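The chain contents come next:
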Amino acid sequence: MAAESRCKGCTGWLIVLVVAALVVTAAVIAIKKKTHHSEASPVPGPPGAVVQKYSNALSVALQFFQIQKAGKLVNNKISWRGDSALKDGSDAGLDLSKGMYDAGDHMKFGFPMAFTATVLSWVILEYGDQMAAVKQLDSAQDSLKWITDYLIHAHPSENVLYIQVGDPKADHSCWERPETMSEKRPLKQVNPKLPGTDVAAETAAAMAAASMVFKSIDSKYSDSLLQHAQQLFTFADNYRGSYSISIPELQNFYNSTGYEDELLWAAAWLYHATGDQSYLSYVTVENGNSYADWGRPTWFSWDDKRAGTQVLLSRVHFFGSKLSSNAENKGLQLYRKTAEAVVCGLLPDSPTATSSRTDGGLVWIDEWNALQHPVAASFLALLYSDYMLTSRTAEVDCSGKSFTPSDLRNFAMSQADYVLGSNPMEMSYLVGYGSKYPQQVHHRGASIPADANTGCKGFDYLTSTDPNPNVAMGALVGGPFKNDSYIDVRNNSMQAEPSTYNSAILVGLLSGLVTTSSVAQSLT
């Protein structure tokens with residue numbers, strides 16, 4: 001009996017030990033799951049295997065810039081486009097014939113056009129090797145230079161910047177091809193009496209970023225861009241005021257909600273272009289607390305540059321802050337923390353993830369131009385992922401839950417794939433990509449046959465139920481409603497109108513997804 005009792009006692013203790021071990025194991029797993037510490041992935045080398053669908057989509061997307069070109073076209077590959085707006089700027093003795101039409105109309109709005117150039121420059125600087133690997137770098141550089149040539153001419157003296165060509169009311173009262181338009185094309189400018197800090201600073205950002213793109217290609221041109229950028233930043237900073245307050249009629253088109261974000265954005269780009277610490281001090285010590293909205297994630301767009309600045313300055317914190325003062329480093333750390341808040345808000349499994357998504361998985365913020373925000377956010381997430389990868393940063397903490405660079409990249413891929421057809425409509429929102437895409441894009445030139453002579457009143461083509469006679473290759477339309485639906489009607493400008501600034505951001509997203517590659521630790 002004694003031996004049997006001892007045996008029963010052993011069994012009892014064994015059960016207790018097994019249960020205790022299971023509890024400890026479960027606790028360890030839970031802790032590991034929560035902290036999710038992982039080793040940093042190895043840094044990729046030169047561009048590797050190409051993902052063909054993103055390569056094909058990038059080739060399509062870049063064609064939209066060719067469609068939007070104004071002026072005397074060179075090596076024109078778009079059969080239904082020709083020379084247009086050749087006299088733009090002549091009223092002021094300037095050649096403002098180049099540049100790009102903003103969207104489906106024939107206006108040249110300097111604010112979103114400069115943003116387009118800044119983003120295109122950023123894409124080329126970060127992903128130029130990947131673009132070159134799929135033979136798209138030359139096309140991107142050509143499109144960028146078509147805009148920067150215009151911006152140089154639009155800045156004839158230190159404190160004068162021409163920010164618009166065309167009359168929006170007259171332009172929107174016509175439906176015609178750009179090649180045949182005959183309306184007056186008045187000019188708008190900002191100057192010390194009519195300040196436009198936002199548009200001047202954005203233009204400074206564009207020229208500073210582009211100066212780095214062209215530095216090894218044409219040093220004289222690069223130097224000219226940088227000189228314009230520095231002058232424009234000084235003008236923007238010294239004569240404070242929003243351009244849409246100085247020129248109230250612009251509030252119905254590209255109304256600016258403030259200029260502080262553009263000042264930080266421009267100074268950040270000038271720091272990268274010059275290495276001048278005063279620009280770094282400007283964005284951190286001098287104006288960070290006042291302008292940066294540290295700790296509060298925002299959406300990146302032509303109007304709001306805060307999230308873009310936070311990611312751009314995270315790059316400095318990741319790779320290049322050794323020469324900075326303690327105060328500057330503290331500011332850079334706050335920019336990076338805010339950039340982390342931005343990406344944490346995007347990842348579906350993050351505790352701070354935005355719940356504003358369609359059932360099909362698209363981040364959805366606004367019914368007008370719905371694709372703008374998810375595509376822009378995905379581009380920033382992809383950049384941040386590559387900064388992590390290159391710096392061998394294993395994870396980002398989102399309120400106690402950790403995520404890897406691959407998690408950020410997968411989010412960006414999910415949004416890109418939605419755009420390219422993995423959505424409930426089973427339709428690509430990138431015109432010309434895939435077998436199904438919008439046929440009635442809200443775009444004057446695409447909707448009118450090249451041999452038609454409509455004058456200003458070609459509205460029969462606007463209201464026609466036929467597909468566009470010309471395919472606006474590369475146009476990224478506005479996108480779906482929150483229920484993932486899309487109404488393919490030309491007059492539905494809310495959903496059907498493309499824009500150059502959306503295309504620039506999409507080019508960035510696709511360029512980063514073409515193949516996995518590390519980013520350069522310096523943009524210069």
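- Named according to an unreviewed UniProt entry, the chain is Glycoside hydrolase family 9 protein originating from Dioscorea alata.

## Some remarks on helix α20 (residues 500-513)
Alright, step 1. Across its 14 residues, α20 extends 20 Å between first and last C-alpha, which sits within 8% of the 20 Å expected from 1.5 Å per residue.
Alright, step 2. Of all 14 residues in α20, 14 are buried, a share of seventy percent or more.

## A short note on the state of the cysteines
Alright, step 1. Inspection of every chain in the model, using the stated rule, returns two disulfides.
Alright, step 2. What pairs with Cys174 in a disulfide is Cys456, and their sulfur atoms sit 1.8 Å apart. Its S-S torsion of about -95 degrees marks the bond between Cys174 and Cys456 as left-handed, since a negative value means left-handed. Taken together, the positions of Cys174 in the loop between α6 (168-172) and β3 (187-190) and Cys456 in the loop between α17 (444-447) and α18 (459-463) put the pair 282 residues apart, joining distant regions of the chain.
Alright, step 3. The disulfide that involves Cys344 links it to Cys398, with 2.0 Å between the sulfurs. Where Cys344 bonds to Cys398 through sulfur, the torsion about that S-S bond is close to -80 degrees, and the disulfide is left-handed. On the criterion of sequence distance, the pair formed by Cys344 in helix α14 (residues 326-344) and Cys398 in strand β4 (residues 396-398) is long-range, its members being 54 residues apart.
Alright, step 4. Numbered in order of appearance, the disulfide-bonded cysteines of the chain are paired 1-4, 2-3.

## Quick look at the side chain of Arg81
Alright, step 1. Positionally, Arg81 belongs in the loop between α3 (63-68) and β1 (108-109).
Alright, step 2. Within polar-contact distance, the side chain of Arg81 engages the side chain of Ser84 at 3.2 Å.
Alright, step 3. A polar atom in the side chain of Arg81 sits 2.6 Å from the side chain of Glu179.
Alright, step 4. If we skip the residues at most four places from it in the chain, Arg81 touches Gln66, Ile67, Gln68, Lys69, Leu73, Asn76, Tyr101, Pro178 and Glu179.

## Some words on the pairing of strand β2 (residues 161-165)
In summary, the side chains of a regular strand alternate between the two faces of the sheet.
Alright, step 1. The element β2 is largely enclosed, with a buried count of five among its five residues.
Alright, step 2. In this structure, β1 lies alongside β2, joined through two bridges in antiparallel fashion. Across the sheet, Lys108 pairs through a bridge with Val165, a residue of β2.
Alright, step 3. Both β2 and β3 contribute to a ladder of four bridges, which runs antiparallel. Following the sheet pairing, Leu161 is matched in β3 by Val190.

## Considerations on the environment of Gly445
Alright, step 1. On the secondary structure map, Gly445 appears in helix α17.
Alright, step 2. Leave out the neighbours within four places in its chain, and Gly445 touches Trp80, Pro178 and Asn470.

## Things to note about the confidence of the model for the chain
Alright, step 1. Mean pLDDT over the chain stands at 92; residues scoring 70 or higher make up 92%.
Alright, step 2. Across residues 1-36 the pLDDT falls below 50, and counting only partners more than four positions away or on other chains, this stretch makes 10 contacts in the model.

Conventions adopted
Throughout, a residue's number is its position along its own chain's written sequence, starting from 1. Side-chain atom pairs in this predicted model are given and counted only at pLDDT of 80 or more, local residue features only at pLDDT of at least 70, and totals for whole chains, interfaces and linings cover all residues. Working from all heavy atoms in the structure, the side-chain values ignore hydrogens and water. Here a helix means four or more residues in a row that DSSP labels H or I, a strand means two or more in a row labelled E, and each is numbered from the N terminus. Helices are assigned an expected span. That span is 1.5 Å times one less than the residue count. The rule is simple: take the accessible area with a 1.4 Å probe, protein chains only, and divide by the maximum for that residue type; under 20% is buried, over 50% is exposed, in between is partly exposed. Here, a disulfide means two cysteine sulfur atoms that sit within 2.5 Å of each other. Whenever two N or O atoms come within 3.5 Å, that pair is a polar contact, provided that in protein one can donate a hydrogen and the other can accept it, and provided that, for residues adjacent in sequence, both atoms are side-chain atoms. Residues are treated as being in contact if the distance between any of their heavy atoms lies within 4.5 Å. In this description, strands pair whenever DSSP reports at least two bridges between them. Note: pLDDT gives the predictor's confidence per residue, expressed from 0 to 100.

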